[in-house]
Amino acid sequence: MPGSRDLRFSIQNMSCASCVGRVERALLALPGVDEVNVNLAAETAQARIDSDARIPEVIGALEHAGYPARTQTARLNVSSMSCASCVGRVDKALAAVPGVLDVDVNLASETATVTYAEDAVDPADLLQAAEAAGYPAELADDGIAEDRGARKEGEARALARRTAFAAALALPVFLLEMGAHLVPGMHEMIGRTIGHQASWMIQFVLTTIVLFWPGRHFYTKGFPALVKGAPDMNSLVAVGTGAAYVYSITALFAPSVLPEAARAVYFEAAAVIVVLILLGRWMEARAKGRTGAAIQKLLGLQARTARVLVDGETQDVAIERIRVGDTLVVRPGERIAVDGEVTQGRAHVDESMITGEPVPVAKAEGDPVTGGTVNGTGSFRFRATRVGADTTLAQIIRLVEQAQGAKLPIQGMVDRITLWFVPAVMALAALAVLVWLLLGPSPALSYALVAGVSVLIIACPCAMGLATPTSIMVGTGRAAEMGVLFRKGDALQQLTGVDMVALDKTGTVTEGRPELTDLVLADGFERAEVLALVAAVEAQSEHPIAEAIMRAAQAEGAARRDVESFDSITGYGVRAKVAGHDVLVGADRLMTREELSIEALADTERRLAEQGRTALFAAVDGKVAAVIGVADPVKPASAAAIEALHGLGLKVAMITGDKRETAEAIAREIGIDHVIAGVLPDGKVAALDELRQGGQQIAFVGDGINDAPALAHADVGIAIGTGTDVAIESADVVLMSGDLRGVVNALNVSGRTMRNIRQNLFWAFGYNVALIPVAAGVLYPAFGLLLSPVLAAGAMALSSVFVLTNALRLRRVRPAMDEASSLKSEGAGSLSPAPVAAQ
């Protein structure tokens, strides 16, 4: 949709997969809203809207569906307000920020209180809106909204208190009822002391408090959802415990309504079920808080203040106030606040939070620095180039959040099942009750109640809804810590189906920066003189090979020569007059064109070509003086990474514009299976189609600069970033490490995460398939076993905890390849950086 934008909300009251379906349907029913993704584990909803005017409609739809968007409140100190008109302008400016729900501006206190949809608005947006209206503002406190991890901790603490209170009341109920059945003589003792009627009355009072105080949430949410015809997990608990409670009240206060054999109470079942489910939700809240640990860790990397140079003096400034062009001062050990470029000083910076590499990177004047990284030794100044939401760290956080909120294709099957799961469970419970009433032994009514309640309680759509998103959250978060960013969440699943990895050569397999590897001289010429003359000529050219020759000359301290004239001969090479000498540099066809004999060095030129070098000739004053070998060195990690890809059962291809001899030399060196050479940049899409023949799934790896069409055309596009270039729109996955180790790590995380998801789904579905019939009583005729509702509640609570705990195991995933694992390939091949050869 033209002018559309993605919107993200935090959602309240979602407890199971049925809730996810209802939120999605409520949003998709709105005009101008599509691409809805609802994540139960993260408790968020993402949607694409055609205009900001839709935001109130979206919030209203969520509210009407019973799943309101979470809100945050920010208090701003606003300056420059002097009258009621100012109040109106500030109010209007803040209210215009998409996602703001309510604004209250107070002239007397010079403050504005803004309520906004959580995750849809950044406090910095509010500050910018106020400043743009002419009323600079600042946050009245730290300005950092309570993050999700802190919120889940607060929820866990509240649930812990409710669980403890409910357990304290339910324990006497359990002891009075179950003790009378399990402990010999206790039934008679209760009858002789307080009496059975009094015992039931005590159970009634305590259970009533449990159900309508710590357990009231199940009823206030469950019954309204049931009335709307959209039952959820709360509805199952409410109906199940409510049935046991009402039955028990009837047996206590109106026993004549029930057959004498069926006069029993189940207060302990209702009370203990509530306790166990609260216990499970407390454990869920704790585990959910940990699923977002990667985001919390990234948020923790953001500096809160920075030292900014103002009129020659340094001032501590809040991060929100930094603007592009500001000069910042960084001392040893400090965290860099925003992205920028070093203007003065030298230092070594720990960039492991971006690249996953632990080795500090040297920084000097002109080098880029990234916000969130840590300065080691040395002090420096830098100019801010990207601030706020434009920084690399902010982009990474945004990408991780988007990936964590994505819906994988496998989730579609889960959604289709869970749409009818809760109604189906309620129907099965009703069927179980009917069968027991018609065919069960006496007291059939009691057996029917136990079976019906057990079926309702044991069913667990929570585990189904959590199975996929929790694994995605933990897996993509762990990948980000290793420098692998999944821009599109479904790439996580698609990577597991890849058969071949196709690699761009320049900048991907190789360094992308040619180096002079050989300078073989003809008889009668001196190395220093020839290198000086050739470097003087190449200084006039912008070709990468020219830069390689100039760097080599500078490294060897070659003398500088003046160039008197320069002429580029298209398709052949260059000619120049240098210090009185006529100098030619170019391919063999240039020498042939000038009728110069290359016979003495022809074998050397052929050998260099076979080794993958680009071979050039240099002639001085009409005589061929040397053959020059230039190569783009293979990255140290490439060979080991390709070996690891082979170990995963994948074929590896290379696509390059180089001539076949050069490409095949590189392929032989590092073990590439298939080479497509001589490809122009716009021919890579056709090359991918050639590799696809036979139905193979292809992942294409490129440097993200001129590979956009191929990255978009591949089944999975993987872009190798530069450490700061994360906004590569055509890629599905972005690797921050800058080499092929990231591909192996991405495949490893993908495979481990999908295996984890399948384990979760197997447990969630298998649990229900196996235990719902048991709860209904299928084992009773053969073994006399009927599942207690209390045991059903315990099993239900543990199923969700199992899924979450299993997903959290992904936090322990280690990089399949790190720096140490690639050292064996460094310097091993003939195309690695090598000393310049001489003859």
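Residues numbered from 1 in each chain as written. Predicted model: local features only at pLDDT ≥ 70, side-chain atom pairs only at ≥ 80, totals over all residues. Heavy atoms only, no water.

- Going by an unreviewed UniProt entry, the protein chain carries the name P-type Cu(+) transporter and comes from Roseovarius halotolerans.
- UniProt's Sequence similarities (unreviewed entry) comment on the protein chain is quoted here verbatim: "Belongs to the cation transport ATPase (P-type) (TC 3.A.3) family. Type IB subfamily." (UniProt positions renumbered as here; feature names shortened; annotations may be inferred.)

1. Side note on the packing of aromatic side chains
Consideration 1: Under the definition given, this model contains 15 aromatic pairs.
Consideration 2: Judged by centre distance (6.1 Å) and plane angle (70°), the ring pair of Tyr245 and Phe267 falls under edge-to-face. With Tyr245 in helix α9 (residues 233-253) and Phe267 in helix α10 (residues 267-291), this pair connects stretches of sequence that are 22 residues apart. Comparing Tyr245 with Phe267 shows no difference in burial state: the two are buried.
Consideration 3: What links up through ring pairs into an aromatic cluster is the set Phe204, Phe212, Tyr219, Phe223, Tyr245, Phe253 and Phe267.
Consideration 4: Here the guanidinium or amino end of Arg593 rests over the ring plane of Tyr572, the centre of that ring lying 5.3 Å away. (Phe/Tyr/Trp six-rings, centres within 6.5 Å; stacked < 30°, edge-to-face > 60°. Helix = DSSP H or I, 4+ residues; strand = E, 2+ residues; numbered from the N terminus. Buried < 20%, exposed > 50% of the residue type's maximum accessible area, 1.4 Å probe, protein only. Lys NZ or Arg CZ within 6 Å of the ring centre and 35° of its normal.)

2. Here we look at the sheet that holds strand β4 (residues 71-78)
Consideration 1: Overall, antiparallel pairing links the 4 strands, which are arranged β5-β6-β4-β7 in an open sheet. The open sheet has two edge strands, β5 (100-106) and β7 (137-139), and neither has a second partner. Between one strand and the next, the sheet's axes are offset by a mean angle of 25°, whatever the strand orientation.
Consideration 2: Both β4 and strand β6 (residues 111-117) contribute to a ladder of 7 bridges, which runs antiparallel. Paired with Arg75 across the strands is Thr113, a residue of β6.
Consideration 3: Contacts from helix α4 (residues 123-132) reach β4, β5, β6 and β7 within the one sheet, and its direction differs from that of β7 by about 160°. (Pairing = 2+ DSSP bridges. Axes fitted to C-alpha atoms, helices over the stretch in contact; angles between N-to-C directions. Contact = heavy atoms within 4.5 Å.)

3. Comments concerning the packing of helix α11 (residues 293-300) against helix α13 (residues 392-404)
Consideration 1: Taken N-terminus to C-terminus, the directions of α11 and α13 make an angle of 170°; their axes are 10 Å apart at the nearest point. Looking at the two axes, α11 sits roughly antiparallel to α13. Of α13, the residues touching α11 (which contributes Ile295, Leu298 and Leu299) are Leu393, Ile396, Ile397, Val400, Glu401 and Gln404.
Consideration 2: Of the residues that constitute the contact of α11 with α13, the class distribution is 7 nonpolar, 1 polar and 1 charged. (Parallel < 35°, antiparallel > 145°, perpendicular 65-115°, else oblique. Nonpolar A, V, L, I, M, F, W, Y, C, P; charged D, E, K, R; others polar.)

4. Overview of the UniProt feature "transmembrane region" (unreviewed entry) in the protein chain
Consideration 1: Listed under "transmembrane region" (unreviewed entry) in the UniProt record, and renumbered for this structure, are residues 164-186, 198-215, 236-258, 264-282, 417-439, 445-468, 761-780 and 786-808.
Consideration 2: With 83% helix and 0% strand, residues 198-215 has its two end C-alpha atoms placed 24 Å apart.

5. Comments concerning the UniProt feature "domain: HMA" (unreviewed entry) in the protein chain
Consideration 1: In this structure's numbering, the residues bearing the UniProt feature "domain: HMA" (unreviewed entry) are residues 5-70 and 72-138.
Consideration 2: End C-alpha to end C-alpha, residues 5-70 measures 20 Å, and it is 35% helix and 29% strand.

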